[in-house]
Amino acid sequence: MIIDFLYFQLLIVVLVVMLFASMFRILREYERGVVFLLGRFYKIKGPGFIILIPFVQQMVRVDLRIVTMDVPSQDLISKDNVTVRVNAVLYFRVLDPQKAIINVENFLEATSQLAQTTMRSVLGQHELDEILSARDTLNADLQRILDQSTDNWGIKVTAVEIKHVDLDESMIRAIARQAEAERSRRAKVIHATGELEASKQLLEAARMLGQQPEAIQLRYLQTLTEISNDNSKIIVFPLPMELGRILQEMGPYEQHAEDPQSPSEIT
């Protein structure tokens with residue numbers, strides 16, 4: 001009997017110690033405790049040392065640090081009917097622990113599912129070129145929509161970043177051909193622009209040379225200087241343009257002098 005009584009007393013002591021131990025909690029700086037009193041919300045406690053009444057008060061810990069969540073790859077169809085596979089990363093944190101615990105069953109799972117459906121909905125409204133080139137705009141749109149949707153959950157979405165856009169092999173080849181055609185078009189436009197500018201400069205040079213005939217002789221002498229420095233066996237000797245003009249003017253006079261049937265001048 002004495003031994004049984006001692007065991008009973010020891011059991012009582014252990015239970016009392018455990019009961020007192022369950023009263024005390026220590027919350028870190030980035031943690032908050034949502035306390036319920038008989039099932040009803042009581043208050044938010046922490047950080048630091050807090051005391052709970054056993055069997056009357058219960059507490060749920062909430063981490064306030066930024067959560068990095070990987071959004072699984074989603075198959076979607078773009079606005080121009082191209083099938084792509086996109087995944088992203090989501091950054092968010094809990095601002096209101098009360099809403100995060102009371103208004104939603106599991107805010108982590110709920111945010112993940114909402115991010116997946118929102119990404120499919122938003123990216124499906126854009127063409128493939130926009131998904132590939134305008135990622136900053138799409139990231140901002142996703143962040144804004146998710147932040148508004150999770151506001152009632154006490155969650156702040158700080159950023160959304162699209163990581164990978166996977167395309168079919170045939171679509172990759174089509175995009176490569178499109179890029180090659182675009183580069184060819186730009187090269188032709190640049191070449192045509194250069195020809196236009198060169199023609200304008202040549203026209204201006206012709207006008208200036210027409211106003212100053214001596215400049216043509218200077219260009220002629222410069223050409224001779226460049227030819228003399230060339231070691232090629234073939235030498236192109238340019239004739240002055242004035243020589244051709246002189247020969248053209250002399251042509252009718254010689255023909256008139258040699259024609260016997262032409263009337264002679266009578267003195």
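What you see is a predicted model, and the numbers here were worked out from it, not measured in a lab.

### Looking at the sheet that holds strand E2 (residues 31–37)
The strand order across the open sheet built from 3 strands is E3-E2-E5, with neighbouring strands paired in antiparallel fashion. Each edge of the sheet is formed by a strand with only one pairing partner; in this case those strands are strand E3 (40–45) and strand E5 (57–63). Each adjacent strand pair in this sheet contributes to an overall mean axis angle of 25 degrees, direction not counted.

### Some remarks on the UniProt feature "transmembrane region" (unreviewed entry) in the chain
Here the UniProt feature "transmembrane region" (unreviewed entry) sits at residues 6–27. Overall, residues 6–27 shows 73% helix and 18% strand. The separation of its end C-alpha atoms is 37 Å.

### Describing helix H5 (residues 135–149)
The terminal C-alpha atoms of H5, which comprises 15 residues, lie 21 Å apart, in line with the 21 Å expected from a rise of 1.5 Å per residue. Within H5, burial applies to Leu138, Asn139, Leu142, Gln143, Leu146 and Asp147. The arc enclosing the buried residues of H5, seen along the axis, measures out at 160 degrees, which places them on a common side. In this structure, the buried side of H5 is in contact with strand E7 (83–94), helix H3 (107–123), helix H4 (128–133) and strand E8 (155–166).

### Structural notes on a negative patch on the surface
The grouping of Asp80, Glu127, Asp129 and Glu130 at the surface amounts to a negative patch. When you line up the elements, Glu127 lands in the loop between H3 and H4.

### Some details on the nonpolar core
Within the largest apolar cluster, 34 residues are counted, with the highest numbers of intra-cluster contacts made by Val86, Leu90 and Leu123. Of all the secondary-structure elements, those providing two or more residues to this core are E2, strand E6 (67–77), E7, H3, H4, H5 and E8. Sorting elements by how many residues they give to this core places H3 first, with 7 residues. For this core, the two domains that each supply at least three residues are domain 1 (21–63) and domain 2 (66–167). Residues Val35, Ile50, Leu52 and Met59 belong to the second largest nonpolar core, which totals 5 residues.

### Thoughts on the sheet that holds E8
The pairing of strands in a sheet comes from backbone hydrogen bonds and takes either a parallel or an antiparallel form. The 3 strands are arranged E6-E7-E8 in an open sheet whose pairing can be described as antiparallel. The open sheet terminates on both sides in strands that have one partner only, identified here as E6 and E8. Between one strand and the next, the sheet's axes are offset by a mean angle of 25 degrees, whatever the strand orientation. Two strands pair when backbone bridges link them, and E7 and E8 are joined in this way by 10 bridges, in the antiparallel orientation. If you follow Val86 over to E8, its bridge partner there is Val165. Helix-sheet contacts for H5 involve E7 and E8, and the interaxial angle to E8 is about 140 degrees.

### Digging into the environment of Ile145
When you line up the elements, Ile145 lands in helix H5. A residue is classified by how much of its surface remains accessible, and Ile145, at 27% relative accessible area, is partly exposed. Setting aside chain neighbours within four positions, we find Ile145 in contact with Thr118 and Val122.

### Quick word on the packing of aromatic side chains
Under the criterion given, the structure shown has 2 aromatic pairs. Ring geometry for Phe36 versus Phe41: centroids 6.4 Å apart, planes at 80 degrees, classification edge-to-face. Among the residues examined, Phe41 registers a relative accessible area of 31% and is labelled partly exposed. Note that Arg65 overlies the ring of Tyr30, its terminal NZ or CZ placed 3.8 Å from the centroid.

### Structural notes on the environment of Ser121
Mapped onto the fold, Ser121 is located in helix H3. The class of Ser121 is partly exposed, set by a relative accessible area of 42%.

Procedures and definitions
- Residues numbered from 1 in each chain as written.
- Predicted model: local features only at pLDDT ≥ 70, side-chain atom pairs only at ≥ 80, totals over all residues.
- Heavy atoms only, no water.
- Pairing = 2+ DSSP bridges.
- Helix = DSSP H or I, 4+ residues; strand = E, 2+ residues; numbered from the N terminus.
- Axes fitted to C-alpha atoms, helices over the stretch in contact; angles between N-to-C directions.
- UniProt positions renumbered as here; feature names shortened; annotations may be inferred.
- Expected span 1.5 Å × (residues − 1).
- Buried < 20%, exposed > 50% of the residue type's maximum accessible area, 1.4 Å probe, protein only.
- Arc of directions from axis to C-beta.
- Contact = heavy atoms within 4.5 Å.
- Patch = residues over 30% accessible without salt bridge, like charges linked within 9 Å, V, L, I, M, F, W, Y side chains within 5 Å.
- Areas by Shrake-Rupley, 256 points an atom, 1.4 Å probe, with all protein chains shown as cover.
- Salt bridge = Lys/Arg side-chain N within 4 Å of Asp/Glu carboxyl O.
- Lys, Arg positive; Asp, Glu negative; His and termini not counted.
- Charge placed at Lys NZ, Arg CZ, Asp CG, Glu CD.
- Core = buried A, V, L, I, M, F, W, Y, C linked by side-chain atoms within 4.5 Å.
- Domains from an automatic or database assignment.
- Phe/Tyr/Trp six-rings, centres within 6.5 Å; stacked < 30°, edge-to-face > 60°.
- Lys NZ or Arg CZ within 6 Å of the ring centre and 35° of its normal.

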